[in-house]
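Structural overview
Letter by letter, the chains look like this.
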Amino acid sequence: MDTNNWRTEMPPGSRERIVNKITEALKSYVPFSGQEVLEELKKISARFEEKIYTIAMDQPDYLRKISVKMVAMESKYQNTIPNSLPLNPSGNNNSDSGASHNMQPQVHKQILSQNIRSNM
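Residues numbered from 1 in each chain as written. Predicted model: local features only at pLDDT ≥ 70, side-chain atom pairs only at ≥ 80, totals over all residues. Heavy atoms only, no water.

Broken down by element type, the chain carries four helices and zero strands. In the chain, the order of α-helices and β-strands from amino to carboxyl end is α-α-α-α. Evaluated residue by residue, the chain yields a buried proportion of 32% over its 120 residues. Excluding contacts between residues fewer than 6 apart, the proportion of contacts in the chain whose partners are at least 24 apart in sequence is 69%. For the chain, the exposed surface amounts to about 7,800 Å²; the carbon and sulfur share of it is 54%. (Helix = DSSP H or I, 4+ residues; strand = E, 2+ residues; numbered from the N terminus. Buried < 20%, exposed > 50% of the residue type's maximum accessible area, 1.4 Å probe, protein only. Contact = heavy atoms within 4.5 Å. Areas by Shrake-Rupley, 256 points an atom, 1.4 Å probe, with all protein chains shown as cover.)

See below:
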């Protein structure tokens, strides 16, 4: 493959499939669902893929860069996300803990979004 035209020689739809795979991987880091979260993950995935596509020297470099970043991100999230949002450590069941629990998805979404962007 001529490295100068590797981008034009990529099979049709391959970039979209890669973005979808990235999105699926990111979804596995999110412990809740919703259309808004899914749309944000798709946007993050597309920007990440575009960045790698632009800087890669050839198709193997493109695939390698994506793989390396995804593995690094998976490793980081396995170590940080479970500890990001402690569950009511005091053990009381007062009304404040209920409010705090209801806010966890929003806080988690903000943390996830910041972490994903900083890793990509």
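So much for the structure itself; the text now carries on.
To continue, consider the confidence of the model for the chain. Close reading of the predicted structure is inappropriate where its pLDDT is low. On average, residues of the chain score 75 in pLDDT, and 61% of them reach the 70 mark or higher. Of the regions scoring below 50 in pLDDT, residues 83–105 engages in eleven contacts with residues more than four places distant in sequence or in other chains. (pLDDT = per-residue confidence, 0-100.)

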